[in-house]
Amino acid sequence: MPTLDWIGKQAVVNHHKDVPFHLLKQNHALSVGESDSGNLLIEGDNLLALKALLPYYAGKVKCIYIDPPYNTGNENWVYNDNVSNPAIQEWLGKVVGKEAEDLSRHDKWLCMMYPRLVLLRELLREDGVIFVSIDDNEVAHLRCIMDEIFGQQHHLATFIWKSRQHIDSRTKTRISVDHEYILSYGKNLGIQLRGRERDLTKFSNPDNDSRGDWMSRSILGLATKEQRPNLYYSITNPETGMSYPPPKNRGWRYAKETMEAKILDGCILFPKTPSGRPREKVFEKDLKQAYTGFPSVIDGIFTNEGTHEVRRIFGEQVFDFSKPPQLVKELIQQATGSEDIVLDSFAGSGSTGHAVLQLNREERSSRRFILIELEPEIARYIAVVRLRRVIEGYIYENQRGNQQHEFGLGGGFTYYEIGEPLFDAQGFRKEISFEDVARYVFFTETGAPMPESTDGKTPFLGCANGIGVYLLYEKHWAIGENVLTRSVLNCLPPYDGPKVIYGTSCRIGATTLKREGITFRQIPYDVRRV
Ligand SMILES: C[S@@+](CC[C@H](N)C(=O)[O-])C[C@H]1O[C@@H](n2cnc3c(N)ncnc32)[C@H](O)[C@@H]1O
């Protein structure tokens, strides 16, 4: 497969591994609504935030929607030009080193995106789907790195979103660019989107047919007389004797015997005049699927709806080019069930959170969202405020200047900031809790999040891939020991299979460990720090 190269690529392809693990620090004052909603809004660089989420959510996220900076080169629009963000500039300097001075706008964008996409992939469930919004500035580059990271064979579609409702006549080229793209990939092969709901409004029962609601459908086939002579014949209405020939160049959809059976069943609708064309009844009950294909051209939802939504919630235009929640909702609906987790690591004004809350209200579902936003001003004063208003309800002024009440969607979210790194020069930082150490150890050992059932009261953290993982850590009250001795081993909760035990030292001989199927790992030396 051809791959894309750029200045700085070597420095970033494995950079996700070097990103240190940090804790996430809860901020109660900025959290809103139900505390057990499971929704998170994280303030900080998504590179650190995504890494911090791994011990909790690796392989658990069903749908990712991101709308990264499009890299338009428009310095005036800070959110769309990540290059101008001082934090990202500094990060590039550190990670790419001297080469960073030669980076073009596109090199920088690729360096920024690559490690973040790698971490996003790690968070995705085996049957998960990622959607990435983008425009012409970076679509070609994005496609190349998505193919590289997610696998070309997992590309589901490049959707065309017709984002502009009205023609733009001001462009230099006189071309009105009316669309953006949404690249989508599954984590594995065989992943399907749900499809669009069928439009059942066309079904009714004007003649009280005992088989229920129906709609009429053409019975013309696609084949010509020459191609399928058996489909080319005249149909006769048995009640009137009127005969209806097919058009000159096309036959019917069914062969004569099938057509006669349908006539006997009362499924063929005959017109009153011989010049009309018979049609058939299609019954709602016979539809094989409730959904039709999801079109790769998304039409009917426009950028200005996102703009109006923000203006309605805030009373002014506090954020440009917010995505319409309706668009994000459509995508989420395509890729998730009622309990799934949705992640947006370039959250901006929080439209993905808004979409999840709307969907939960409409479908009585309990989907959860995780949002990450770099800029504190956007996270705190735009995303938080927006989500609080849509959760609790708000008053807005309609176009006629009248006050209207928008009812709250309910729910809530917990606000987090990026906290301290897990390690200092000696090992785990002193103030880190047993649970945080446990989550970290379990994840780095197994690549999976620690099971929910682990209560932090026992050194047995759970099992994954057939291996039981134990942690003897000084803060653990029940054992009070972090040295593996015969007596400690005797009081560990049993696990029938190979075990990995973490502790500060081990006083059991190698032969016994082998016989008991135990691998001992020494804290802090054997703990992977990144
Ligand atoms: C195009 S906007 C997203 C808009 C969003 N979809 C909405 O509807 O409001 C991109 C956002 O990503 C944020 N961002 C850029 N780099 C980031 C990073 N490294 N970590 C987290 N957020 C970042 C920007 O601050 C900006 O708010």
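Scroll up for the structure.
Residues numbered from 1 in each chain as written. Predicted model: local features only at pLDDT ≥ 70, side-chain atom pairs only at ≥ 80, totals over all residues. Heavy atoms only, no water.

In this section: the side chain of Asn27. Structurally, the position occupied by Asn27 is in strand β1 (residues 22-33). Judged by relative accessible area, Asn27 falls into the buried class, the value being 16%. A polar contact is formed between the side chain of Asn27 and the backbone nitrogen of Leu30, at a distance of 3.2 Å. (Helix = DSSP H or I, 4+ residues; strand = E, 2+ residues; numbered from the N terminus. Buried < 20%, exposed > 50% of the residue type's maximum accessible area, 1.4 Å probe, protein only. Polar contact = N/O pair within 3.5 Å; in protein donor to acceptor, adjacent residues only side chain to side chain.)

In space, the 3 strands of this open sheet follow the order β8-β12-β11, with antiparallel pairing throughout. In this open sheet, the two edge strands, each paired with only one partner strand, are β8 (214-218) and β11 (268-269). Of the strand pairs in this sheet, β8 and strand β12 (residues 279-283) are connected by 5 bridges, and their pairing is antiparallel. Along β12, the bridge assignment pairs Ser216 with Lys281. (Pairing = 2+ DSSP bridges.)

With mixed pairing, the 10 strands of this open sheet are ordered in space as β1-β19-β2-β16-β15-β3-β4-β6-β5-β14. At either end of the open sheet lies a strand with only one pairing partner, and these are β1 and β14 (297-298). Across 7 bridges, strand β5 (residues 155-162) lies against strand β6 (residues 179-186) in antiparallel orientation. Looking at the pairing, Lys162 lines up with His179 of β6.

Here we take up the site of the ligand. Around the ligand, a shell composed of 20 residues is seen, among which Asp67, Lys323, Ser349, Ser351 and Glu373 lie nearest. Between the ligand and the protein, one listed contact pairs a nitrogen atom with a side-chain N or O atom of Asp45 at 3.1 Å. Within the side chain of Asp67, an N or O atom sits 2.7 Å from a nitrogen atom of the ligand. Burial of the ligand by the protein amounts to 98% of the accessible area it has alone, namely 600 Å². Of the residues assigned to the shell around the ligand, the class counts are 7 nonpolar, 7 polar and 6 charged. (Near = heavy atom within 4 Å. Areas by Shrake-Rupley, 256 points an atom, 1.4 Å probe, with all protein chains shown as cover. Nonpolar A, V, L, I, M, F, W, Y, C, P; charged D, E, K, R; others polar.)

Right, let's talk about the side chain of Asp436 for a bit. On the secondary structure map, Asp436 appears in helix α12 (residues 434-446). Arg439 provides the closest opposite charge to the buried, salt-bridge-free Asp436, at an N-O distance of 5.4 Å. (Lys, Arg positive; Asp, Glu negative; His and termini not counted. Salt bridge = Lys/Arg side-chain N within 4 Å of Asp/Glu carboxyl O.)

Moving on, we get to the environment of Val95. Position of Val95 among the secondary structure elements: in helix α4 (residues 86-96). Given the relative accessible area of 17%, Val95 is considered buried. Taking the C-alpha atoms as reference points, Val95 and Asp18, separated by 77 residues in sequence, lie 9.9 Å from one another. Val95 has contacts with Ala11, Val12 and His15, leaving out every residue within four places of it along the chain. (Contact = heavy atoms within 4.5 Å.)

All right, on to the environment of Gly33 then. With respect to the secondary-structure elements, Gly33 resides in strand β1. For the pair Gly33 and Thr414, spaced 381 residues apart in the sequence, the C-alpha separation amounts to 8.5 Å. Ignoring sequence-local partners within four residues, the contact set of Gly33 consists of Gly411 and Gly412.

What follows covers helix α9 (residues 325-335). Of all 11 residues making up α9, 10 are buried, and the element is well covered by its neighbours. Burial in α9 covers these residues: Pro325, Leu327, Val328, Lys329, Glu330, Leu331, Ile332, Gln333, Gln334 and Ala335.

Moving on, we come to the pattern of salt bridges. Oppositely charged side chains can form a pair if their charged atoms are brought close together. All chains considered together, the criterion is met by 32 salt bridges. When the shortest N-O distance is used, the salt bridge between Glu330 and Arg196 registers 3.2 Å. Residue Glu330 is located in helix α9, and its partner Arg196 is located in strand β7 (residues 196-197); the two are separated by 134 residues in the primary sequence. On the accessibility criterion, Arg196 (25% relative accessible area) is partly exposed. Among the salt bridges present, the one from Glu435 reaches Arg439, with a minimum N-O distance of 3.2 Å. Linking Glu435 with Arg439, this pair stays in helix α12, spanning 4 residues, or about one helical turn. Within this structure, Asp207, Asp209, Arg211 and Lys281 form a network of salt bridges that share partners.

All right, on to the packing of helix α3 (residues 46-57) against helix α5 (residues 105-123) then. Interhelical geometry of α3 versus α5 gives an angle of 15 degrees and a closest axis separation of 10 Å. Here α3 is positioned roughly parallel relative to α5, judged by the angle of their axes. The two elements α3 and α5 cross, and the hand of that crossing is left-handed. Contacts between α3 and α5 involve Asn46, Leu47, Leu50, Lys51, Leu53, Leu54 and Tyr57 from the first element and Pro115, Arg116, Leu119, Leu120, Glu122 and Leu123 from the second. In terms of residue class, the contact of α3 with α5 is made up of 9 nonpolar, 1 polar and 3 charged. (Axes fitted to C-alpha atoms, helices over the stretch in contact; angles between N-to-C directions. Parallel < 35°, antiparallel > 145°, perpendicular 65-115°, else oblique. Left-handed = near helix turned anticlockwise from the far one by under 90°.)

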